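These are the residues of each chain, in order.
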Amino acid sequence: MKLLPVIFLLALTSAISALDNGLMRTPPMGWMSWERFRCNIDCENDSKNCISENIFRDMADRLAEDGWKEMGYDHVMIDDCWSSMLRDKVGRLQPDLQRFPGGIAKLARYLHDRGLKLGIYGDLGTHTCEGYPGTTLDKIDTDAQTFASWGVDFLKLDACYPLMSKALNATGRTIGYSCSWPAYRGGLPPSECFIMLPVNYTLLGEICNLWRNYDDIQDSWDKTLQTVCDWQGAFTARPRSLHKIHCLLSFSLSACHSQEESY
């Protein structure tokens with residue numbers, strides 16, 4: 001993820017009202033594309049597994065028709081690689097129309113008609129992790145308004161920024177907000193891949209509905225167990241430090257495989 005140099009400082013110094021949008025009182029559950037399908041955009045040769053509107057419509061059907069929605073699995077999450085490489089002529093994000101010919105708003109209506117919610121991915125900075133357009137400081141309000149106009153119900157934003165929380169609330173649409181700040185600060189407990197830096201969970205709880213503490217998991221039970229054990233170890237060692245963590249297992253269904261994101 002490519003961040004603007006002032007983001008970290010502003011994230012610490014910006015003050016906004018506490019996030020109280022009535023969402024995520026219990027852990028959200030559903031299906032997220034990243035763990036299983038990553039950034040597969042080769043729809044010409046792999047149409048059943050590429051990031052396109054077809055796979056999200058199919059997963060929506062599975063949740064709605066196979067009994068998952070009744071058990072609480074009501075979110076379908078689009079992760080990275082959904083957008084065009086270019087914003088439109090007025091500077092708004094737009095989907096890749098080869099893979100999402102109906103657009104995001106039509107996909108959102110498809111889910112809403114089935115009693116489901118649509119989530120989408122963004123990244124604070126010039127580019128997303130996979131090189132698609134990110135949300136720079138001057139585009140925060142624009143992107144929040146765009147997501148709201150499409151009928152999006154949830155935003156997963158890599159990094160964490162108070163102004164996005166404020167912008168989402170200002171749209172007039174209730175949109176859940178998940179940010180990945182702790183994952184980039186080392187998570188709990190310290191990771192070998194990151195330098196452990198303090199995370200202001202009090203501030204985080206005021207601007208996000210939920211958050212993520214670890215890097216991407218792999219499509220394996222061993223990795224899932226490792227993450228759960230890390231959490232158990234952290235809770236045993238520092239029980240009072242986790243009282244603001246909203247949930248452990250958030251999105252927990254990926255086709256026939258376990259999808260576990262640590263928030």
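You'll find the structure just up there.
Just so it is clear, the model here is predicted, and its values are computed rather than measured.

Definitions and cut-offs
- Residues numbered from 1 in each chain as written.
- Predicted model: local features only at pLDDT ≥ 70, side-chain atom pairs only at ≥ 80, totals over all residues.
- Heavy atoms only, no water.
- Pairing = 2+ DSSP bridges.
- Helix = DSSP H or I, 4+ residues; strand = E, 2+ residues; numbered from the N terminus.
- Contact = heavy atoms within 4.5 Å.
- Axes fitted to C-alpha atoms, helices over the stretch in contact; angles between N-to-C directions.
- Parallel < 35°, antiparallel > 145°, perpendicular 65-115°, else oblique.
- Nonpolar A, V, L, I, M, F, W, Y, C, P; charged D, E, K, R; others polar.
- 1 Å grid on protein atoms, 1.4 Å probe; cavity = no way out; pocket = protein on both sides within 12 Å on 5 of 7 lines; lining within 4 Å.
- Points joined across faces, edges and corners; volume = space filled by probe spheres on them.

S.K.: Would you mind showing me how to read the sheet that holds strand S4 (residues 154-158) here?
M.R.: Paired through their backbone hydrogen bonds, the strands of a sheet run either parallel or antiparallel. Here six strands make up an open sheet; going across it, the order is S1-S2-S3-S4-S5-S6 and the pairing parallel. Each edge of the open sheet is held by one strand with a lone partner, namely strand S1 (29-32) and strand S6 (210-211). Relative to strand S2 (residues 73-77), S1 is paired through four bridges, and the arrangement is parallel. Paired with Met29 across the bridge in S2 is Tyr73. Most of the contacts of helix H3 (residues 53-65) go to S2, to which it runs at about 175°, and overall it touches S1 and S2.

S.K.: In this structure, what is going on with the packing of H3 against helix H4 (residues 103-112)? I would like to understand it.
M.R.: Helix-helix packing is described using two parameters, namely the angle between the two axes and the distance between the axes. Packing of H3 against H4 leaves a shortest axis separation of 10 Å and a crossing angle of 10°. Compared by their axis directions, H3 and H4 come out roughly parallel. Contacts between H3 and H4 pair Glu53, Phe56, Arg57, Ala60 and Asp61 from the former with Gly103, Leu107, Tyr110 and Leu111 from the latter. Here the contact of H3 with H4 is composed, by residue class, of five nonpolar, one polar and three charged.

S.K.: Would you take a moment to explain empty space enclosed by the protein for this structure?
M.R.: The gaps left among the atoms become clear once a water-sized probe is rolled over them. This structure, assessed with the given rule, holds two cavities of 30 Å³ or more. Considering the residues around the largest cavity, the lining is formed by 14 residues, among which Trp82, Tyr121, Gly122, Thr128 and Pro133 are closest to the centre. If one sorts the elements of the lining of the largest cavity by residue count, strand S3 (residues 117-123) sits on top with three residues. In terms of residue class, the lining of the largest cavity is built from six nonpolar, five polar and three charged. One number sums up the size of the second largest cavity: a volume of about 40 Å³. In terms of lining, the second largest cavity is formed by Glu53, Arg57, Gly102, Gly103, Lys106 and Leu107. Looking at the lining of the second largest cavity, the elements that each hand over two or more residues are H3 and H4.

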